[in-house]
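For reference, the chains in residue letters:
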Protein chains: 2
Amino acid sequence: MTFIDKLRNRWHAANSLLCVGLDPDPAKFPDRFVDDEDALFAFCRDIADATAEYACAFKPQIAYFAAHNHGEAALQRLIAHINGAHPEVPVILDAKRGDIGSTAEQYAAEAFERFGADAVTLNPYMGRDSAAPFLQYNDHGCVFLCHTSNPGARDFQELPVPDGSGGSEPLYQRIARTIADDWNGDGNCALVVGATFPEELKVIRDIIGDMPLLIPGVGAQGGDVEAVVRNGRTADGTGLMINSSRGILYASRGEGYAEAAADAARELRDAINRHR
Amino acid sequence: MTFIDKLRNRWHAANSLLCVGLDPDPAKFPDRFVDDEDALFAFCRDIADATAEYACAFKPQIAYFAAHNHGEAALQRLIAHINGAHPEVPVILDAKRGDIGSTAEQYAAEAFERFGADAVTLNPYMGRDSAAPFLQYNDHGCVFLCHTSNPGARDFQELPVPDGSGGSEPLYQRIARTIADDWNGDGNCALVVGATFPEELKVIRDIIGDMPLLIPGVGAQGGDVEAVVRNGRTADGTGLMINSSRGILYASRGEGYAEAAADAARELRDAINRHR
């Protein structure tokens, strides 16, 4: 099954637009993981098992693994665990890769073959040929940065560029249009648009049709759930993967950390659903 | 010693503007490495040892390690070997990272602490706060993508954006100006500019003053050495790290692979020096 089909099935089966971000920071782990050498894997596995029923996708952030020796082995085991225990929940590897074609082939092998992810986040700055080696895995998803959730999104992403009909549009809209019209020939693309810019979400939705959107920035980064759902959803009330990481992962440091994560995930799923 | 000081010293001491790219592709390895489980490390070590005297920098490309199980351990050992055996040659980890601040902190730890690189390549698309965690390591180098060597560089990097004085300039020049004027406060920035666009090199050099440039795209990608040196050098005939990977690494598949790599490196260094 393709990433996109798996995601669509999951939106309906779990009645959820919630993406659970797996960004393991040992400094914030529950007390029981102090001195646990397997903590990166064990903590994320517990969170995944507790939240899977509320999740339309999982999104492990590779940087939080790559900062540690042997972190990649923990990430590999985590994705293998999710693929085995929760095969209906797609895994998006958050890696924001982007490089020339011969190097991009290696990164595609990293994400899809070594780590077994269903999709990967990518940076579009280097253009079409840097995306091609990922796009060729047409049963996998390619989730391109468009308008990110951080303050620096204003520095370059919002610069006005020609829109092709004599006017101008922000760079991120030009990128959305290029991906929708050109790169998405096999229907395996999605975009990252931050929850912190909800008005712009509506414009992007108009440009891209039903393409899925991965939405970071709800919770710790301040994005407004209602505005995100209202402006970002498709006509059938799906089309979104609204990510929360810290608010779910670190809901409690006590022995009840997994139940607290499940509660936080269920509450956010339900809050999202109230506006669909 | 800072990355920039180490690089400046090396330009003069080795009389070289050549950066040796370490992109290990097992399919192209010399015959003796067939079935060698330690080949990623051992091949790159041999190339580094053979070419160090002609190199102003080494640039391992992390994707070629990350595509393989245990590849990171090989990369760690390689950089540790270079830092031990050739401490005068700076190591630039080619990773093109870029993410929000909390994630960028993890990536900075990956490049500078876990792998021990002197500098790392970064993607500027997410803006100032995505660069800040790297810039704060102000003895390390931050090498930002500006105008890359691949055909897709035209897709977004060349789009016209306002230049701040009523006119327009290509996005990559706006990025060069922003980094030179704002991000480079500690003097630890450099830019990636492809050898395949030599005319644009002169414009970028005028924008950035003496900031170092990492130049991929000579050799396999078709860049012209003379035009690169003429247009990209600083007034003292330095300022460039002209990268070659495939042309040096895979100069021979036979038993003389290391000598062949050394010959290729020396010849390219000398070809560069003829135009300084």
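The rules behind each value
- Residues numbered from 1 in each chain as written.
- Chains lettered and ligands numbered in written order.
- Predicted model: local features only at pLDDT ≥ 70, side-chain atom pairs only at ≥ 80, totals over all residues.
- Heavy atoms only, no water.
- Pairing = 2+ DSSP bridges.
- Helix = DSSP H or I, 4+ residues; strand = E, 2+ residues; numbered from the N terminus.
- Axes fitted to C-alpha atoms, helices over the stretch in contact; angles between N-to-C directions.
- Contact = heavy atoms within 4.5 Å.
- UniProt positions renumbered as here; feature names shortened; annotations may be inferred.
- Buried < 20%, exposed > 50% of the residue type's maximum accessible area, 1.4 Å probe, protein only.
- Polar contact = N/O pair within 3.5 Å; in protein donor to acceptor, adjacent residues only side chain to side chain.
- Core = buried A, V, L, I, M, F, W, Y, C linked by side-chain atoms within 4.5 Å.
- Least-squares fit on C-alpha atoms with pLDDT ≥ 70 in both.
- Expected span 1.5 Å × (residues − 1).
- Arc of directions from axis to C-beta.
- 1 Å grid on protein atoms, 1.4 Å probe; cavity = no way out; pocket = protein on both sides within 12 Å on 5 of 7 lines; lining within 4 Å.
- Points joined across faces, edges and corners; volume = space filled by probe spheres on them.
- Nonpolar A, V, L, I, M, F, W, Y, C, P; charged D, E, K, R; others polar.
- Left-handed = near helix turned anticlockwise from the far one by under 90°.

1. Thoughts on the sheet that holds strand E5 (residues 141-147) of chain A
All names here are of chain A.
- Judged by pairing direction, the sheet is parallel, and its 8 strands sit side by side in the order E2-E1-E10-E9-E8-E5-E4-E3 without closing on themselves. Looking at which strands have only one partner, the edges of the open sheet turn out to be strand E2 (57-60) and strand E3 (92-97). Across the sheet, the axes of successive neighbouring strands diverge by a mean angle of 30°, strand direction being ignored.
- Of the strand pairs in this sheet, E3 and strand E4 (residues 119-122) are connected by 3 bridges, and their pairing is parallel. From the neighbouring strand, Leu93 faces E4, where its bridge partner is Val120.
- Helix-sheet contacts for helix H6 (residues 128-135) involve E3, E4, E5 and strand E8 (189-193), and the interaxial angle to E5 is about 145°.
- Docked against the sheet, helix H10 (residues 225-232) engages strand E9 (213-215) and strand E10 (240-244), running at close to 160° with respect to E10.

2. A short note on the UniProt feature "active site" (unreviewed entry) in chain A
- Here, the residues flagged by UniProt with the feature "active site" (unreviewed entry) are Lys96 of chain A.
- One can find Lys96 of chain A in strand E3.
- Taking the relative accessible area as the measure of exposure, Lys96 of chain A reaches 8% and is therefore buried.
- Apart from residues no more than four positions distant in its own chain, Lys96 of chain A is found in contact with Gln61, Thr121, Leu122, Asn123 and Leu145 of chain A together with Lys96, Gly98, Asp99 and Met126 of chain B.
- A distance of 2.8 Å separates a polar atom in the side chain of Lys96 of chain A from a polar atom in the side chain of Asp94 of chain A.

3. So, the nonpolar core
- With 201 residues, the main nonpolar core has Leu191 of chain A together with Leu191 of chain B as its most contacted residues.
- At 9 residues, helix H2 (residues 39-51) of chain B tops the list of elements feeding residues into this core.
- Leaving out residues up to four positions away in the same chain, Leu191 of chain B has contacts with Val143, Phe144, Cys146, Ala176, Ile179, Ile204, Ile208, Met211, Pro212, Leu213 and Leu214 of chain B.

4. A look at the relation of the copies chain B and chain A
- Of the transformation placing chain B onto chain A, the axial shift is 0.0 Å and the rotation is 180°, giving an RMSD of 0.0 Å. Each copy turns onto its partner about a two-fold axis. By C-alpha distance to the rotation axis, the residue of chain B lying nearest is Val161 of chain B, at 2.7 Å.
- Both copies share a contact surface, since 100% of the interface residues of chain B are interface residues in chain A too.

5. Some words on the environment of Gly254 of chain B
All names here are of chain B.
- Turning to its location among the elements, Gly254 is positioned in the loop between helix H10 (246-249) and helix H11 (257-273).
- Since its relative accessible area comes to 31%, Gly254 is described here as partly exposed.
- Remark: the alpha-carbon pair of Gly254 and Pro30, spanning 224 residues in sequence, is separated by 5.8 Å.

6. A short note on helix H4 (residues 71-85) of chain B
Residue and element names in this part refer to chain B.
- End to end, H4 covers 21 Å across 15 residues, agreeing with the expected 21 Å (1.5 Å per residue, within 8%).
- Among the residues of H4, those classed as buried are Gly71, Glu72, Ala74, Leu75, Leu78, Ile79 and Ile82. An end-on view of H4 places all buried positions within 160° of arc, on one side of the element.

7. Quick word on empty space enclosed by the protein
- For the structure on display, the rule yields 3 cavities of 30 Å³ or more.
- By volume, the largest cavity is sized at about 50 Å³.
- Classifying every residue of the lining of the largest cavity gives 4 nonpolar, no polar and 6 charged.

8. Comments concerning the sheet that holds strand E1 (residues 18-22) of chain B
Residue and element names in this part refer to chain B.
- Taken together, the 8 strands give an open sheet; going across it, the order is E2-E1-E10-E9-E8-E5-E4-E3, and neighbouring strands pair in parallel fashion. Looking at which strands have only one partner, the edges of the open sheet turn out to be strand E2 (57-60) and strand E3 (92-97). Across the sheet, the mean angle from the axis of one strand to that of its neighbour is 30°, orientation sign disregarded.
- Contacts from helix H6 (residues 128-135) reach E3, strand E4 (119-122), strand E5 (141-147) and strand E8 (189-193), with the element oriented near 145° to E5.

9. A short note on the environment of Glu113 of chain A
All names here are of chain A.
- Locating Glu113 in the fold gives a position in helix H5 (residues 101-114).
- The class of Glu113 is exposed, set by a relative accessible area of 54%.
- Apart from residues no more than four positions distant in its own chain, Glu113 is found in contact with Ala108 and Tyr137.
- Within the structure, Glu113 has its side chain in polar contact with the side chain of Tyr137 (distance 2.5 Å).

10. Observations concerning the pairing of E1 of chain B
Residues and elements named next belong to chain B.
- With 5 of 5 residues buried, E1 lies mostly within the body of the structure.
- Residue alternation in E1 divides its side chains into two sets, Leu18, Val20 and Leu22 and Cys19 and Gly21, and both sets are buried.
- Pairing analysis gives 3 bridges linking E1 to strand E10 (residues 240-244), with the strands arranged parallel. Its bridge partner being in E10, Leu18 is matched across the sheet by Ile242.
- Two elements, E1 and E2, share 4 bridges in a ladder whose sense is parallel. From the neighbouring strand, Cys19 faces E2, where its bridge partner is Ala57.

11. What to know about H6 of chain A
Residues and elements named next belong to chain A.
- The buried fraction of H6 is high, at 6 of 8 residues.
- By the burial criterion, the buried members of H6 are Ser130, Ala131, Ala132, Pro133, Phe134 and Leu135.
- Elements that come into contact with the buried residues of H6 comprise E3, H5, E4, E5, helix H8 (171-183) and E8.

12. Overview of the packing of H5 of chain A against H6 of chain A
All names here are of chain A.
- Packing of H5 against H6 leaves a shortest axis separation of 8 Å and a crossing angle of 35°. Crossing of H5 against H6: the hand is right-handed. Contacts from Gly101, Ala104, Glu105, Tyr107, Ala108 and Phe112 of H5 reach H6 at Asp129, Ser130, Pro133 and Phe134.
- Here the residues of the contact of H5 with H6 sort into 6 nonpolar, 2 polar and 2 charged.

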